[in-house]
Amino acid sequence: MPHDISAAVLPDYDRPFEVRTVQLDDPRPNEVLVKLVATGVCGTDLGVQAGHTPFPLPGVLGHEGAGVVEAVGAGVSTVKPGDKVLLSFTSCGVCRNCKLGHPAFCQYFLTLNLIGGRRADGSYTLHEGGEPVNGHFFGQSSFATHALADERGVTRVSDDADLAALAPLGCGIQTGAGTVLNILKPAPGTTIAVFGAGAVGLAAVMAARLTSVERIVVVDIVQSRLDLAATLGATHPINSRDLDLTQVLLDLTDGWGIDYAVDATGNVPVIHSAILALAPLGELALVGAPPVGHTVDLDVNFMLSGRRVIGVTEGDSTPQLLIPALIELIAQGRFPLDKLITPFDFSNINDAMSALKDGSALKPVLHFA
Ligand code: NAD
Ligand code: ZN
């Protein structure tokens, strides 16, 4: 029997969230019913609200859930009621890329996590007064007191884990960290540049600091974020407002260029500047998401010197592998995620979204009573 929960419904694009009572379905065999303790807010939630990232509305967003398992479907074997869990993206598990261990590049990633708004079989997880509400956002829709999560996106954590402190690992943090640790794997003595000092970019900075790169350049236009980046290990914070960004990066490297780059702005002119600042054999990971349909020019002859541009989803991570590794690094004091977090009460979700948008909060985390 579906039961009443409280959820932040986004009624339409460019509108505030409305906390309303909706009905959540019972768990299917592969699903886990989770009572949320906290949920992080990510730039992708902002992107959907602005209409830049495709997700049908009205719907329930939220994709960095953390909570306690209340019930499991008959086929679930990795968690049980009472377990503490972090929620991440879902994947089909049977396509070629899932089998190769790259679930973030699942053939059905977009349908299962974003544009579908419902389960793979077409059924809705959420209703309001008999009408369907789009859900299953990143296999969870965790801007709600309860979520139905696909087991493939669920990671069990220890009973003493501080869920509110770890919630952002489910998307933004594993994305930034995984892009550096799984994709770029920077060589010793090199230069990495991170464009965008939001949560994704700063997670990339913290991960870069765990490697043997020589220089960590961080580019943003919000000075407070650059100041924080410096405390997290950025050696060269650059406020790019009114600068010729490519020239500054070339000057910094004596004309050689940057060896590795992560774009976490989704800003097309920034991405273009980053490409032009790549050294021969340099590699740019595209992580930030511009509005659908945006393109960037490539000078083909310039690219022939071994330069590479690669698009990355969720840091190419397998959540059940990268999330526990990051939790251990946090426990050892080597990945200070707490410096990024600002807590908000769930009822103040619109304040949290505004704070992320205006740059005053880096990683809002919503707390459920
Ligand atoms: P955010 O909005 O907090 O961070 C973006 C940062 O870019 C901000 O600090 C902003 O000041 C900076 N910025 C914007 N325009 C700029 C410009 N012209 N020059 C310099 N800096 C500029 O968001 P976030 O949560 O860190 O997410 C970053 C991006 O990554 C978003 O586009 C989000 O949708 C995307 N994302 C992608 C994935 C993925 O799997 N590919 C996962 C999570 C988030
Ligand atoms: Zn996200």
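Residues numbered from 1 in each chain as written. Chains lettered and ligands numbered in written order. Predicted model: local features only at pLDDT ≥ 70, side-chain atom pairs only at ≥ 80, totals over all residues. Heavy atoms only, no water.

### Here we look at the pattern of salt bridges
One pass over the full model with this rule turns up 12 salt bridges. Taking the shortest distance from any N to any O, the salt bridge between D121 and R28 comes out at 2.8 Å. Of this pair, D121 sits in the loop between α3 (109-115) and β7 (126-128) while R28 sits in the loop between β2 (18-24) and β3 (31-40), and the two are 93 residues apart along the sequence. Overall, D121 belongs to the exposed group, its relative accessible area being 55%. In this structure, E31 and R119 form a salt bridge, with 2.7 Å as the shortest nitrogen-oxygen distance. Here E31 is found in strand β3, whereas its partner R119 is found in the loop between α3 and β7, with 88 residues between them in sequence. Accessibility assignment for this pair places E31 and R119 in one class, buried. When salt bridges with common partners are traced through the structure, they connect D25, R28, E31, R119 and D121 into a single cluster. (Salt bridge = Lys/Arg side-chain N within 4 Å of Asp/Glu carboxyl O. Helix = DSSP H or I, 4+ residues; strand = E, 2+ residues; numbered from the N terminus. Buried < 20%, exposed > 50% of the residue type's maximum accessible area, 1.4 Å probe, protein only.)

### Regarding the coordination of the zinc ion (ligand 2)
C42 (SG), H63 (NE2) and C171 (SG) make up the full set of protein donors to the zinc ion (ligand 2), lying at 2.0 to 2.3 Å. Positions of the donor residues of the zinc ion (ligand 2), expressed as sequence spacing, correspond to C-x20-H-x107-C. Pair noted here: C42 is in the loop between β3 and α1 (43-49) and H63 is in the loop between β4 (59-60) and β5 (65-72), with a separation of 21 residues, a long-range link. Pair check on accessibility: C42 and H63 agree, each one buried. (Donors = N, O, S within 2.8 Å, 3.2 Å for Na, K, Ca; no water.)

### As for the UniProt feature "domain: Enoyl reductase (ER)" (unreviewed entry) in the chain
Under the UniProt annotation, the feature "domain: Enoyl reductase (ER)" (unreviewed entry) is placed at residues 8-366. For residues 8-366, helix accounts for 28% and strand for 26%, while the C-alpha atoms at its two ends are 11 Å apart. (UniProt positions renumbered as here; feature names shortened; annotations may be inferred.)

### Points about the site of ligand 1
Lining the immediate surroundings of ligand 1 are 26 residues, of which G43, D220, R225, V312 and E314 lie closest. Interatomic distance of 3.1 Å between a side-chain N/O atom of T44 and an oxygen atom of ligand 1. Separating an oxygen atom of ligand 1 from a backbone N or O atom of A199 is a distance of 3.1 Å. Here ligand 1 loses 84% of its free accessible area of 860 Å² to cover by the protein chains. For the shell around ligand 1, the class distribution of residues is 13 nonpolar, 10 polar and three charged. Counting contributing residues per domain, the shell around ligand 1 is built from domain 1 (3-170 + 336-367) and domain 2 (176-312), each supplying no fewer than three. (Near = heavy atom within 4 Å. Polar contact = N/O pair within 3.5 Å; in protein donor to acceptor, adjacent residues only side chain to side chain. Areas by Shrake-Rupley, 256 points an atom, 1.4 Å probe, with all protein chains shown as cover. Nonpolar A, V, L, I, M, F, W, Y, C, P; charged D, E, K, R; others polar. Domains from an automatic or database assignment.)

### Some details on the domain arrangement of the chain
Here the chain is partitioned into domain 1 (3-170 + 336-367) and domain 2 (176-312). Computed from C-alpha coordinates alone, the two centres of domain 1 and domain 2 are separated by 29 Å. Taken together, the contacts link 12 residues of domain 1 with 14 residues of domain 2. On the domain 1 side of the contact with domain 2, H52, L340 and L362 bury the most area, a combined 45% of that side's loss. Taken together, domain 1 and domain 2 are joined by zero salt bridges. Linking domain 1 with domain 2 are two residue pairs in polar contact (both at pLDDT 80 or more). (Contact = heavy atoms within 4.5 Å. Buried area = accessible area lost by both parts, 1.4 Å probe.)

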